[in-house]
Each structure stands twice: as C-alpha cells, then as structure tokens.
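Fold and contact review
Each chain is listed here by its residues.
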Amino acid sequence: MLNDKVKNYLHLHLLVFIAGFTAILGKLITIEAVSLVWYRMFIAAILMFIYIKITKIDIRITRKSLLKLSLAGIIIALHWITFFAAIDASNISITLAMFSTGAFFASFIEPIIYKRKIIWYEILFGIIVIVGVWIITQSEIKHIKGIILGISSAFLSSLFAVLNGKFLEEHSATKISFYEFISGVIFISIFIQLFGGGFSLDYFKISSSDFTYLFILASVCTAYAFIASVYVMKQISPYTVVLTYNLEPIYGIVIALIYFPDSEKMSPAFYYGAAIILGVVLLNGILKNIKTIKRKAT
C-alpha cells in the first residue's frame with residue numbers, strides 16, 4: 001500500500017501530466033481557437049457552479065472585486081485563445097517552448113504588481129531566455145506566427161498568474177476562478193456576436209469527437225485540475241508544487257512527440273533553444289524557493 005505522501009506526489013505529477021495534455025486536446029479539437037475557449041470556459045463555469053453548490057461555498061463579492069476579477073477573466077480568455085491559436089499556426093512543441101518564457105515576463109510583472117525591486121538574476125535569466133527564443137526562431141522561422149502567438153500567450157499567462165496571486169489575499173481560489181470563467185464567457189460571447197458572425201444553430205453543431213475532447217478539456221483539464229491542485233497545495237510544499245509544474249512543457253512536448261511524431265519532430269536547433277529556456281525556468285524556480293526557505297528560517 002502507498003502511503004499518503006507518495007499518493008500526493010503521484011497526484012501532483014498526474015496534474016502536471018493533465019496540464020501538458022491540454023495542448024494535445026487543443027490539437028485534436030478541430031474548431032477554431034475562439035470557439036474552443038468559449039466552450040471550455042462555459043462548460044468549466046457550469047461544473048464549477050455545481051461544485052460550489054455541493055460544497056456550499058460562499059461566492060458573495062463586492063462590485064469592485066467583481067470588476068477586477070472580470071478583467072482577469074478576459075486576460076485568461078485571451079491567454080487561452082492565443083495558446084490554442086499558436087498550436088493551430090505552428091505545433092505543440094513550438095507553443096509549449098514559447099509558453100515557457102512566462103517566467104521571464106513574470107520577473108518584470110511581479111515587481112510592478114507587488115511593488116518590489118527587480119532581482120538581478122531574473123534579468124540575467126531573461127537575457128538567456130531571449131537567446132533560447134532567438135535560436136528557435138532562427139531554426140523554425142516558418143513557424144514565426146506560432147512563435148509570436150506563443151510568446152503572447154506566455155505574457156498573458158504570467159499577467160493573470162501574478163494578478164491571481166494578489167486576489168488570493170482577499171478571496172478563495174474557487175470564487176476567483178468562477179467569476180473569471182463567467183467573465184471570460186461573456187467577453188468571448190460579445191466578441192463572437194460583434195465580429196464572429198454571431199450565434200446560430202450551426203455554431204452549436206460540432207462533431208461528437210470535438211464535444212468529447214471539449215468536455216474532457218473543460219472537466220478534467222480545467223475544473224478538476226483546479227480543484228485538485230488546491231488540495232495538493234495543502235499537502236505538499238509550495239517548492240515541490242512550483243518546481244513540478246515547471247515540468248509541464250517537458251511533459252507536453254514528450255506527449256506530443258508520441259501522439260504526433262510527424263508534425264512534432266523538430267530540428268536539433270529547436271531542442272537546443274528549448275533546453276536553454278526550460279533549464280532557466282527550472283533553475284529560476286529552484287533559486288526562488290531556496291530564497292523563500294532561507295527567509296522563513298531567519
């Protein structure tokens with residue numbers, strides 16, 4: 001029998017695997033990125049509402065906080081749209097490699113939001129990340145649109161992650177996610193109505209395979225992953241959680257190579273650049289947590 005500690009570690013790695021598998025589902029789903037994200041957030045919001053009702057979580061909120069969470073919800077929607085659009089424009093490997101640059105953006109966004117000084121080694125890491133991106137761009141210039149979209153997605157991801165960290169000082173994670181999903185759905189609905197031809201019966205006619213993948217994406221990869229991650233964070237140290245989640249792009253790229261060996265096989269230069277970016281992300285996570293541990297010890 002496995003003890004609780006081992007079970008929690010295995011659960012954490014399952015969640016990271018699920019996060020990496022999100023990109024695989026994005027490749028399998030045939031509808032375009034805007035509609036994909038609308039369905040994802042809509043289904044996830046319904047499932048989250050059911051969870052809130054069952055657990056009787058208080059979701060009352062002030063108008064000011066609602067406005068802030070709504071803005072964050074729009075940022076999340078744009079992050080997911082650019083993420084899946086990057087997969088459509090290039091492939092999973094390019095998208096996940098560019099997504100790893102989020103740590104670089106966070107090193108500049110976080111000091112602004114939390115009003116702290118920029119750490120010197122974060123600037124150095126940022127320069128190294130740029131070198132990694134440059135190497136990938138030089139070898140995969142045909143995927144330049146996907147590279148730009150992937151970097152945009154990474155920036156938006158870092159922005160909402162830092163904002164959510166601030167929101168957690170006042171609200172529960174469940175409340176934050178629920179209102180962000182709702183605002184994301186409303187934002188995309190308005191966009192579709194104004195610029196996407198509007199909603200019609202044809203809009204909701206999707207294949208059974210697409211619906212199945214969408215439901216897995218919204219339930220397992222979004223609603224469940226969120227709820228489970230909150231539980232895991234209470235059982236395992238933040239250091240382990242953060243460091244393990246930094247493995248998401250690696251998991252995703254490996255899974256992509258298994259599922260789509262033809263379209264995901266890249267040039268050697270891509271893997272050199274990706275290794276530089278991922279190495280910096282892991283090293284940054286290690287240094288940050290060592291610093292946190294030392295601060296708590298003093």
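This text follows the structure it describes.
I will try to describe carefully the structure that is included in this document. (Residues numbered from 1 in each chain as written. Predicted model: local features only at pLDDT ≥ 70, side-chain atom pairs only at ≥ 80, totals over all residues. Heavy atoms only, no water.)

Once that is clear, we can look at empty space enclosed by the protein. Under the definition given, this model contains two cavities of 30 Å³ or more. Of the volumes computed, that of the largest cavity is approximately 60 Å³. Surrounding the largest cavity, Ser100, Ala103, Phe104, Ser107, Glu122, Phe125, Val129, Val280, Val281 and Asn284 form its lining. When grouped by side-chain class, the residues that make up the lining of the largest cavity number six nonpolar, three polar and one charged. (1 Å grid on protein atoms, 1.4 Å probe; cavity = no way out; pocket = protein on both sides within 12 Å on 5 of 7 lines; lining within 4 Å. Points joined across faces, edges and corners; volume = space filled by probe spheres on them. Nonpolar A, V, L, I, M, F, W, Y, C, P; charged D, E, K, R; others polar.)

The interhelical angle for the contact between helix H5 (residues 102–114) and helix H7 (residues 144–167), taken along N-to-C directions, is 35 degrees, at an axis separation of 9 Å. Between H5 and H7 lies a crossing whose hand is right-handed. Residues Gly102, Ala103, Phe105, Ala106, Ile109, Glu110, Ile113 and Tyr114 of H5 lie in contact with H7, whose contacting residues are Ile151, Ala154, Phe155, Ser158, Leu159, Val162, Leu163, Gly165 and Lys166. Considered class by class, the residues forming the contact of H5 with H7 number twelve nonpolar, three polar and two charged. (Axes fitted to C-alpha atoms, helices over the stretch in contact; angles between N-to-C directions. Helix = DSSP H or I, 4+ residues; strand = E, 2+ residues; numbered from the N terminus. Left-handed = near helix turned anticlockwise from the far one by under 90°. Contact = heavy atoms within 4.5 Å.)

Bringing H5 into the picture now. The periodicity of an α-helix, 3.6 residues per turn, causes residues three or four positions apart to be oriented the same way. Helix length check: H5, at 13 residues, gives a terminal C-alpha distance of 17 Å against a target of 18 Å (1.5 Å per residue), a fit within 8%. At Phe108, H5 shows its largest bend, some 30 degrees, and a proline, Pro111, comes one to four positions later. Within the sequence span of H5, burial applies to Gly102, Phe104, Phe105, Ala106, Ser107, Ile109 and Pro111. The elements touched by buried residues of H5 are helix H4 (92–99), helix H6 (120–139) and H7. After H5 finishes, the residue Lys115 shows a positive phi value of roughly 55 degrees. (Expected span 1.5 Å × (residues − 1). Bend = angle between axes of the 7 residues up to and from the residue. Buried < 20%, exposed > 50% of the residue type's maximum accessible area, 1.4 Å probe, protein only.)

Within the element layout of this structure, Phe167 appears in helix H7. Those residues in contact with Phe167, other than ones at most four positions away along the chain, are Lys68, Leu69, Ala72, Ile176 and Glu180.

Attention now goes to a positive patch on the surface. Taken together, the side chains of Lys64, Lys68, Lys115 and Lys166 make up a positively charged region of the molecular surface. Relative to the assigned elements, Lys68 resides in helix H3 (residues 63–89). We classify Lys68 as partly exposed; its relative accessible area is 40%. (Patch = residues over 30% accessible without salt bridge, like charges linked within 9 Å, V, L, I, M, F, W, Y side chains within 5 Å. Areas by Shrake-Rupley, 256 points an atom, 1.4 Å probe, with all protein chains shown as cover. Salt bridge = Lys/Arg side-chain N within 4 Å of Asp/Glu carboxyl O. Lys, Arg positive; Asp, Glu negative; His and termini not counted. Charge placed at Lys NZ, Arg CZ, Asp CG, Glu CD.)

Moving on: the packing of aromatic side chains. Enumeration over the complete set of coordinates arrives at 22 aromatic pairs. Ring centres of Trp38 and Tyr203 lie 6.0 Å apart, and the angle between their planes is 85 degrees; this geometry places the pair in the edge-to-face category. Here Tyr203 lies in the loop between helix H8 (173–195) and helix H9 (208–235) and Trp38 lies in helix H2 (residues 33–55), a separation of 165 residues in the sequence. In terms of burial, Trp38 and Tyr203 fall into one category: buried. Taking the centre distance of 5.3 Å and the plane angle of 80 degrees together, the rings of Phe83 and Phe84 count as edge-to-face. Phe84 carries the same exposure label as Phe83, and that label is buried. An aromatic cluster is built from Trp38, Tyr39, Phe42, Phe199, Tyr203 and Phe204, whose rings are joined through pairwise contacts. (Phe/Tyr/Trp six-rings, centres within 6.5 Å; stacked < 30°, edge-to-face > 60°.)

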